[in-house]
Amino acid sequence: MRSCSTSARAPASGRTAVPGCSADRALLSTPHEQADGLLGPAAIRELAQELGLRPTKSLGQNFLHDANTIRRIVRTADLRDDDVVLEVGPGLGSLTLGLLPAAAAVVAVEIDPRLAQRLPGTVAERRPDLADRLTVVEADALRLRELPGRPPTALVANLPYNVAVPVLLHLLELLPTLDRALILVQAEVAERLAAPPGAPAYGVPSVKAAWYGEVRRAGNVGRRVFWPEPNVDSGLVALVRRPPPAGDRQATFAVVDAAFGMRRKSLRAALARWAGSPAAAETRLRAAGIDPSARGEQLSVTDFARLAATEARP
């Protein structure tokens, strides 16, 4: 759910140049609802009407319209004036307009062609002094392989909850220059991402996010700040990158998937297929210093990496 329009489909991709502003555009004749140019409810609906846009659940289109929430997100992101911010799913530009004054540049990745093409004009109309800081890339974030310009240093995004975890993990792996992230996701997803070992919500997203950095909850966001209003609450998740554990990422993630695929069973049983047999799983668990009767939710990402590094025996 979000202003993000990320999906598994692959549209044409490329940079969208900032167009000139026409004097007869409706938005120019509409008084700005905020002194800093942020979009409010009326401007959001006006833009949607102009584009003939009906928000769709498949693209997670729930657009932020509350200026105070935007300001809060930007403050929480703690951006530096030399940061290059990557925003996934800018939608109608609510968060984009808040990010531009706080960073050196914003690279906005948007899958919906209508939104990607309209965003530069919205910025030029409402914050012409910052228009040159924006680059729009029309692409599916899950299929992204490179970005134009300077490498991004921070990810700040309002992600659709149906693809939030895959998008986050893909971008952290693709872009090692991202040293911080602040994402707005469904509250349940936020809880899972930030859960520590032993917590009820701890699982695959928790471990894989922890591979890249320290993860924490950074606040709650209600439903009424979105249009259309979703039927779930949202939460902010912050990540600060740190060096990964010693070991191989793919091998570690394979063990994580296996362990949580049968999370109610002991690791000896849950990892039998991964190791070749229950006995082989027990051997590798003991070699890693892990109790074979333990369950996956008891292990940290470092434990999983150490287990993945053990040698398979015939």
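As the structure is a computational prediction, the values presented were derived from the model and not from experiment.

Asks: Can you walk me through the environment of Thr76 in this structure?
Replies: On the secondary structure map, Thr76 appears in helix α2 (residues 67–77). In this structure the C-alpha to C-alpha distance between Thr76 and Val156, which are 80 residues apart in sequence, comes to 10.0 Å. Setting aside chain neighbours within four positions, we find Thr76 in contact with Leu182 and Ala218. Of the polar contacts made by the side chain of Thr76, one reaches the backbone oxygen of Arg72; its length is 2.8 Å.

Asks: Honestly, the packing of aromatic side chains in this entry has me stumped. Any pointers?
Replies: We describe a pair of aromatic rings using the distance from one ring centre to the other and the angle between the two ring planes. For the coordinates displayed, the defined rule picks out three aromatic pairs. Ring centres of Tyr202 and Phe260 lie 6.1 Å apart, and the angle between their planes is 70°; on these two criteria the pair is classed as edge-to-face. Here the residue Tyr202 occupies a position in the loop between α6 (187–194) and α7 (204–212), and Phe260 occupies one in helix α8 (residues 249–261), the gap between them amounting to 58 residues. When sorted by exposure, Tyr202 lands in the same class as Phe260, which is buried. Between Phe260 and Phe304, the aromatic rings sit 6.0 Å apart at their centres with planes inclined by 45°, giving tilted as the arrangement. Here Phe260, found in helix α8, pairs with Phe304, found in helix α12 (residues 301–308); they are 44 residues apart in sequence, far enough to count as distant. A single burial state applies to Phe260 and to Phe304, both of which are buried. The rings of Tyr202, Phe260 and Phe304 are connected pair by pair, giving a single aromatic cluster.

Asks: Would you explain the packing of α7 against α12 in this entry?
Replies: Axis angle and axis distance: for two packed helices, these are the angle between their axes and the distance between the axes, and together they describe the pair. Where α7 contacts α12, the axes come no closer than 9 Å and their chain directions differ by 85°. Regarding the angle of α7 to α12, the classification is roughly perpendicular. The residues of α12 that touch α7, namely those facing Val207, Ala210 and Trp211, are Val301, Phe304 and Ala305. Tallied by class, residues from the contact of α7 with α12 come to six nonpolar, no polar and no charged.

Asks: Explain the confidence of the model for the chain here, please?
Replies: Regions with low pLDDT should not have their predicted coordinates read in detail. For the chain, the average pLDDT comes to 88, and 87% of its residues sit at 70 or higher. Every residue in residues 1–32 is under pLDDT 50, and counting partners more than four places away or in other chains gives 111 contacts.

Asks: Help me understand the side chain of Asp83, please; the structure alone is not making it clear to me.
Replies: Mapped onto the elements, Asp83 comes out in the loop between α2 and β3 (84–88). Here the side chain of Asp83 touches Arg180 through a polar contact of 2.5 Å, side chain to side chain. The residues contacting Asp83, other than those within four sequence positions of it, are Ala103, Ala104, Ala105, Thr153 and Arg180.

Asks: Which parts of the structure should I look at to understand α2?
Replies: Of the positions making up α2, those classed as buried are Ala67, Thr69, Ile70, Ile73, Val74 and Ala77. Taken around the axis of α2, the buried residues stretch over an arc of 165°, which confines them to a single face. Turned more than 90 degrees away from the buried face of α2 sit Asn68 and Arg75, all of them exposed. Considering only its buried residues, α2 is in contact with β2 (63–64), α3 (94–99), β6 (154–158), β7 (180–186), β8 (213–221) and β10 (234–241). Positioned one or two residues after α2, Asp78 has a phi angle of 50°, which is positive.

Thresholds applied
- Residues numbered from 1 in each chain as written.
- Predicted model: local features only at pLDDT ≥ 70, side-chain atom pairs only at ≥ 80, totals over all residues.
- Heavy atoms only, no water.
- Helix = DSSP H or I, 4+ residues; strand = E, 2+ residues; numbered from the N terminus.
- Contact = heavy atoms within 4.5 Å.
- Polar contact = N/O pair within 3.5 Å; in protein donor to acceptor, adjacent residues only side chain to side chain.
- Phe/Tyr/Trp six-rings, centres within 6.5 Å; stacked < 30°, edge-to-face > 60°.
- Buried < 20%, exposed > 50% of the residue type's maximum accessible area, 1.4 Å probe, protein only.
- Axes fitted to C-alpha atoms, helices over the stretch in contact; angles between N-to-C directions.
- Parallel < 35°, antiparallel > 145°, perpendicular 65-115°, else oblique.
- Nonpolar A, V, L, I, M, F, W, Y, C, P; charged D, E, K, R; others polar.
- pLDDT = per-residue confidence, 0-100.
- Arc of directions from axis to C-beta.

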